[in-house]
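Coordinates in review
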Amino acid sequence: MATAAKTLGFIPRPTAQRGFWSWVATVDHKRIGIMYGVTGFFFFLVGGLEAWIMRLQLARPGLEVVTARTFNALFTMHATTMIFLGVMPLLSAFMNYFLPLMIGARDVAFPRLNAFSYWIYLFGALFINAGWLMGTAGGHVPDIGWFGYANLTSVQFTSGLGPDFWTLGLLLLGIGTLVSGFNFIVTILNMRAPGMTLMKMPVFVWTTLVTSAIIIFAFPSVTVALIMLMFDRTFAANFFEVLRGGSVVFYQHLFWTFGHPEVYILILPAMGIISEVIPVHARKMLFGYSVMVFSTALIGFMGFTVWSHHMFTVGMGPVVNSIFSLTTMAIAVPTGVKIFNWLSTMWGGQIRFTAAMLFAIGFIASFTIGGLSGFMHAAAPSDAQQHDTYFVVAHFHYVLIGGSIFAILSGIHHWFPKVFGRMLDERLGRWSFALIFTGFHTFAFPFHILGLLGMPRRIYTYAPGLGWENWNLLSTVGVFILAAGVLVLIANFIVTMRKPMDAPADPWDGRTLEWTLPSPPPAYNFARVPVVHLRDAFWFHKHPEGNERALEYESPQPAPIHLPGPSLMPILLALGPTVAAVGMLFLRMREAYAVPVIVAGFVITLLALWGWAFEGEGGTLVEPEGAD
Ligand code: HEM
Ligand SMILES: [Cu+2]
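Residues numbered from 1 in each chain as written. Chains lettered and ligands numbered in written order. Predicted model: local features only at pLDDT ≥ 70, side-chain atom pairs only at ≥ 80, totals over all residues. Heavy atoms only, no water.

Remarks on the overall build of the chain
The following threshold applies: A run of H or I in DSSP counts as a helix once it spans at least four residues, and a run of E counts as a strand once it spans at least two, with each numbered from the N terminus. Values of the radius of gyration come from C-alpha atoms, whereas the globule rule sets the reference at 2.2 Å times the count of residues to the power 0.38. Note on classification: 1.4 Å probe, protein chains only; a residue is buried when its accessible area is under 20% of the maximum for its type, exposed when over 50%, partly exposed between these limits. Between two residues, a contact is recorded if the distance between any of their heavy atoms is within 4.5 Å. Working convention for charge: Lys and Arg count positive, Asp and Glu count negative, and His plus the chain ends are omitted. Working definition for charges: the position is that of NZ of Lys, CZ of Arg, CG of Asp or CD of Glu.
Scanning the chain from terminus to terminus reveals 17 helices and four strands. Expected size for 628 residues packed as a compact globule is a radius of gyration near 25 Å; at 25 Å, the chain falls within 12% of this value. Once the C-alpha set of the chain is aligned to its principal axes, its extents read approximately 75 × 65 × 50 Å. When each of the 628 residues of the chain is scored for burial, the buried share is 57%. Long-range contacts, defined as pairs at least 24 residues apart, comprise 81% of the intrachain contacts of the chain with a sequence gap of at least 6. Across the chain, 33 positive and 30 negative side-chain charges occur, with their mean positions spaced 2 Å apart.

As structure tokens, then:
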């Protein structure tokens, strides 16, 4: 029953239910979640390929697998890809898919904006990688490190387009991230099921809320830095040009005011995933729920007070260094509390060593090591030794792989049946855990030793005889083991997707509302609105400990549910700024057609906004299947 009412929109709302166009026009948070997941996983593989090439180059002293310039491009694009195009979108996939299900909602607050976030992420990702088509020799691939420090980025030192692809690409990505942040906050604050007070929300919802808040406070700072950089490079604005009175340290402050909170954007949702997986697979309520919530919020605040620990060696002086040492050490407290909470949850539980649980336990073990090395460079004098060595590379791979990636893999094994209606093969899952865990520690642990032996980060080769050879070789061997584990994981996906869709609704004896729905859930999510009386309501509904009410449903008879119509405006609105960014690139190249292209970008944006505002509500009313 499409509403074909007359509207001022210039493209009618599409109606396709299946096939390619139905995905392009979808506004369903579940489909968008899958799109984020698939795209994020693809870019995780791209970033992994870049890492693998770097490790081949560093396996022995004096190799020439790639040139020095290409190596610079590889570590820059590896980090940029892993952080912005791999891990963040993968975490966003979980948020998109499960946030509405966990709070008992029909969708996120702004479904079309949600689709827009995805499309601008995809376009930004392609944009930032487009320089590869021009080859690395001319400096057209970003090769300035993932934080793009001035004055490496000044036209004098990097005249190729690399920094411009990087700046404009990150600006595009930032728009999508900010929009998602607002969307999730509004969804969580306004669309929870009746009875689900804030302190009854699943921890993953809490970490999404805090992460979204961090996003909207942290991204403006890097946006400012990137716009200034763009002005420096395109219009000779001199914000960061020392010879003309600019300041390079100013750039560092702007970048790290964003950059440190960014690491919490990468880890808090991962902690949220772990906090969902462990109670289910240990069959015990999460230990210290409210402490978990408060420490999450505390980390969110404190994350904004520590940024200068990335700059201990620039000469800020002993007072400033001491202050940032102390704030950094303080943040270890709420983090440590969480680790003890997960351990206490497992303590005395009936643990099932499923693949999901193994990755969660791997997370605790590996992340803790990363936390400890982080604590070591919180002490400024110690950091003076470790700064820009492989010790730091060891630290952030322990928190990023041992932390974020392990949590994502845990979440994939846990929720795969809900999303795709099929159970992943547990045996393959355990094999991939064993290989990824062993491979990861074999490749990343030697970085600690290499760092202490003085090997600087970002070098493309080294001389023999420094005592670095064997550790580097071992590290490269580790990458092969890790890659084998990723191949087993992919094999598991392929084998599983060929099986019939027969996963039960609640394979793990889950605790949260998504497990009340069939696998996969119907387009409208809940046939009847759930009413939540307790935390972990579904668990107590199944296992009542007294005669308390845990979970009820609003109306006894399922009523028809309105689903919003698909829309092509989100992808069109994402296209506008992307075209304008291409025009900015031409402007940097002083091409005559730059301005018309920028104008075209603005025109597309305005048209899309017009269509967005006036395309009408559209949509259909569906009769839900009889509820349980
Ligand atoms: C999948 C296995 C991975 C391997 C084998 C790997 C390997 C490497 C190597 C060899 C470097 C270069 C170090 C240097 O030359 O200074 C590096 C840098 C880096 N990696 Fe990874 N990495 C992996 C995964 C990840 C993930 C998942 C993330 C983030 C989520 C990440 C974030 C970074 C960052 C931020 C840098 C620093 C780049 C820079 O100096 O600008 N890596 N990695
Ligand atoms: Cu930091």
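Structural notes on unusual backbone geometry
Negative phi values dominate among residues other than glycine, just as trans dominates among peptide bonds. Residue Asn151 follows Ala150 across a cis peptide bond; omega there is 5°. In this structure, Asn151 sits in the loop between helix 4 (111-129) and helix 5 (162-190). Cis geometry marks the peptide bond from Ser519 to Pro520, where omega comes out at -10°. Here Pro520 lies in the loop between helix 14 (469-497) and strand 1 (530-532).

Quick look at the coordination of the copper ion (ligand 2)
The test is simple: Only nitrogen, oxygen and sulfur atoms qualify as donors, provided they sit within 2.8 Å of the metal or within 3.2 Å for Na, K and Ca; with water excluded from the atoms, sites may seem incomplete.
Listed as protein donors to the copper ion (ligand 2) are His260 (ND1), His309 (NE2) and His310 (NE2); their distances from the metal cover 1.7 to 2.0 Å. Along the chain, the residues donating to the copper ion (ligand 2) are arranged with the sequence spacing H-x48-H-H. Linking His260 in helix 7 (residues 248-282) with His310 in the loop between helix 8 (289-302) and helix 9 (318-346), this pair joins segments that are 50 residues apart in sequence. Among the residues examined, His260 registers a relative accessible area of 8% and is labelled buried.

Quick notes on the coordination of the iron atom of ligand 1
What counts, and what does not: Donor angles set the geometry label: tetrahedral for four donors if every angle is between 85 and 135 degrees, square planar for four and octahedral for six if opposite donors exceed 155 degrees and the others are between 65 and 115, irregular for anything else.
Every protein donor of the iron atom of ligand 1 is accounted for by His78 (NE2) and His397 (NE2), and the metal-donor separations fall at 2.0 Å. Classification of the site at the iron atom of ligand 1 rests on its six donor atoms, whose angles at the metal span 87 to 180°, yielding the label octahedral. One end of the pair, His78, is in helix 3 (residues 68-102); the other, His397, is in helix 12 (residues 390-420), with 319 residues separating them in the sequence. Accessibility classification places His78 together with His397 in one group, the buried group.

Side note on the UniProt feature "domain: Cytochrome oxidase subunit I profile" (unreviewed entry) in the chain
Basically, it comes down to this: UniProt positions are given in the numbering used here, feature names are shortened, and annotations may be inferred rather than shown by experiment.
Under the local residue numbering, the UniProt record ascribes the feature "domain: Cytochrome oxidase subunit I profile" (unreviewed entry) to residues 15-533. Taken end to end, residues 15-533 has its terminal C-alpha atoms 39 Å apart, with 67% of it in helix and 1% in strand.

So, the nonpolar core
Using the following cut-off: In plain words, nonpolar cores are sets of buried Ala, Val, Leu, Ile, Met, Phe, Trp, Tyr and Cys residues tied together by side-chain atoms within 4.5 Å.
In terms of nonpolar packing, the biggest core is built from 181 residues, with Phe84, Tyr251, Trp342 and Phe363 touching the most fellow members. Sorting elements by how many residues they give to this core places helix 3 first, with 22 residues. Aside from chain neighbours lying at most four places away, what touches Phe84 is Pro89, Tyr121, Trp146, Leu170, Leu173, Phe258 and Glu262.

Details of helix 2 (residues 29-58)
Just so we agree on the cut-off: Residue count minus one, scaled by 1.5 Å, sets the expected span of a helix. We call two N or O atoms a polar contact when they sit within 3.5 Å, provided that within protein one can donate a hydrogen and the other can accept it, with sequence-adjacent residues counted only if both atoms are side-chain atoms.
Spanning 30 residues, helix 2 covers 42 Å between terminal C-alpha atoms, matching the ideal 44 Å at 1.5 Å per step. Near the N-terminus of helix 2, the side chain that reaches the backbone nitrogen of Lys30, with its oxygen 2.8 Å away, is that of Asp28.

Concerning the pattern of salt bridges
The cut-off we apply is this: Here, a salt bridge means any side-chain nitrogen of Lys or Arg that lies within 4 Å of a carboxyl oxygen of Asp or Glu.
Inspection of every chain in the model, using the stated rule, returns 13 salt bridges. Between Lys30 and Asp28 there is a salt bridge whose closest N-O contact spans 3.3 Å. A relative accessible area of 5% means that Lys30 is categorised as buried.

Things to note about the site of ligand 1
Note the following rule: What makes a residue near a molecule or strand is one non-hydrogen atom of that residue sitting within 4 Å of it. When residues are grouped by polarity, Ala, Val, Leu, Ile, Met, Phe, Trp, Tyr, Cys and Pro land in nonpolar, Asp, Glu, Lys and Arg in charged, and all others, Gly among them, in polar.
In the region of ligand 1, 22 residues are neighbours, and His78, Trp146, His397, Arg457 and Arg458 sit closest. Trp146 is positioned with one of its backbone polar atoms (N or O) 3.0 Å from an oxygen atom of ligand 1. At 2.4 Å, a backbone N or O of Arg458 approaches an oxygen atom of ligand 1. Mapped onto the shell around ligand 1, the elements with two or more residues apiece are helix 2, helix 3 and helix 12. Ranked by residue count, the leading element in the shell around ligand 1 is helix 3, at seven residues. Residues belonging to the shell around ligand 1 are distributed by class as follows: 16 nonpolar, three polar and three charged.

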